[in-house]
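Spelled out from the first residue to the last, the chains are:
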Amino acid sequence: MLKKIIIASAGILLIANTLVIVMLYSNDKKTGFIDYNTVYNNCKLKLSLEKDLERLTTKRKSELDSLQLQLSFLSQEVSGPNSSSTKLSEFENQKNRFLGLQQQYEQENMRLKEAYFTQIRKEINDKSQAFAAAKGYDYFFAAVGDGALMYGAETEDVTKEFQEYLDKN
Amino acid sequence: MKTILIGFIALSLLFSCSENKTSFANEEELKAYVNDPDNGFIASDENGDFIMEAKLIPSIKEDKEPQLTVQVRLSRKDGGSVLDFGGVPKNEALEREGYLSFEVLNDVYFEDGDQLQPAIFHHYERNYGLKPSIDLFFRFNHFSPKDDVMFVYRDQLFNQGMFRIPFNKALFTSCHVQD
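Residues numbered from 1 in each chain as written. Chains lettered and ligands numbered in written order. Predicted model: local features only at pLDDT ≥ 70, side-chain atom pairs only at ≥ 80, totals over all residues. Heavy atoms only, no water.

Draft legend 1. Geometry of the layout of surface pockets. Roughly 1000 Å³ of internal volume is contained in the largest pocket. What lines the largest pocket is a set of 36 residues, among which Leu45, Ser48 and Glu123 of chain A together with Met150 and Arg164 of chain B lie closest to the centre. Elements supplying a minimum of two residues to the lining of the largest pocket: α3 (44-79), α4 (85-135) and α5 (159-168) of chain A together with β2 (42-47), β9 (149-155) and β10 (161-167) of chain B. Looking at the lining of the largest pocket element by element, the count peaks at seven residues for α3 of chain A. In terms of residue class, the lining of the largest pocket is made up of nine nonpolar, eleven polar and 16 charged. One number sums up the size of the second largest pocket: a volume of about 590 Å³. (1 Å grid on protein atoms, 1.4 Å probe; cavity = no way out; pocket = protein on both sides within 12 Å on 5 of 7 lines; lining within 4 Å. Points joined across faces, edges and corners; volume = space filled by probe spheres on them. Helix = DSSP H or I, 4+ residues; strand = E, 2+ residues; numbered from the N terminus. Nonpolar A, V, L, I, M, F, W, Y, C, P; charged D, E, K, R; others polar.)

So, in structure tokens, the structure goes:
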């Protein structure tokens, strides 16, 4: 009789244990996070766009420098004793062209910088969704140091893995 | 011995399949080959609200100065008119056409490793509002890249960022056209 009770109790315990394990397992959500700033600063796209922007701004700067040099020569001629109204008018035209171009390039550089920033941000956002879906994450966070994610265990940090995914795809 | 022979045949087949066709009976055959999307000459990139499609046309060996051509089509994801993007007034749309006709050349290049291959000539095809997309042609001096090459369009007109389309280095081999 005692033996039967023991066997029955063991059976019930086993079933209860299995149920608990199944419940725990089904509630176990896979989470991960990345250090957004690290990903942003090291991603290939950013480095490539930065290089292009630098190339373009340098080209524009040298164009402006050349114009400025021409202007300074003209300025000396205009302020000299042999100055004429034609020279003065040429100087004024050149000056206006220089100022116009300077303003145009400043605005265009700024606009391009913003467009590139948006492009990088979109790329990271799109790829992080694809990465999380491909790796089966239920929640995928980005630590940006603004209080959105105050702490994440090192084991959940997949920054390196995501960085590789981002640059490869 | 048999294994070596099979391996050799398999390898030869693999290389013959991966190699690009570079000899054509006439221009029509070359056109058909380039227009087949499976051959890698047509590729696209999406950025923001725009899609850019590019078709690489290889240089012809027999030409005095072999040149590569890239045909570009820029369209909006929502199917709207590219020139009117952002609901700009007519005069601004015309200014955009001015940029596309005379200045866009400075914003297009091939990235060949650390070297840039600038476009030497371009043509903007005005369509007078008959279709929403726009078409551009760019010419480049022939070059033989060591690695795969990136076709780059830096979009300063619609603020969509940078479009980058990779092309296999094998596609840059000059083609021989008999007729």
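Draft legend 2. Fine view of the side chain of His122 of chain B. All names here are of chain B. In this fold, His122 is placed in strand β7 (residues 121-125). What makes His122 buried here is its relative accessible area of 11%. Within the local environment of His122, its side chain forms a polar contact with the backbone oxygen of Ser101, the two atoms lying 3.3 Å apart. Here His122 is in contact with Leu100, Ser101, Phe102, Val104, Leu105, Leu136, Phe137 and Phe138, once residues within four sequence places are set aside. (Buried < 20%, exposed > 50% of the residue type's maximum accessible area, 1.4 Å probe, protein only. Polar contact = N/O pair within 3.5 Å; in protein donor to acceptor, adjacent residues only side chain to side chain. Contact = heavy atoms within 4.5 Å.)

Draft legend 3. Here's a closer look at empty space enclosed by the protein. Residues and elements named next belong to chain B. Here the structure, examined in full by the defined rule, presents one cavity of 30 Å³ or more. As for the largest cavity, its lining consists of Met52, Val72, Val108, Leu136, Phe138, Phe151 and Tyr153. Taken together, the elements giving at least two residues each to the lining of the largest cavity come down to β8 (134-141) and β9. A class-by-class count of the residues in the lining of the largest cavity yields seven nonpolar, no polar and no charged.

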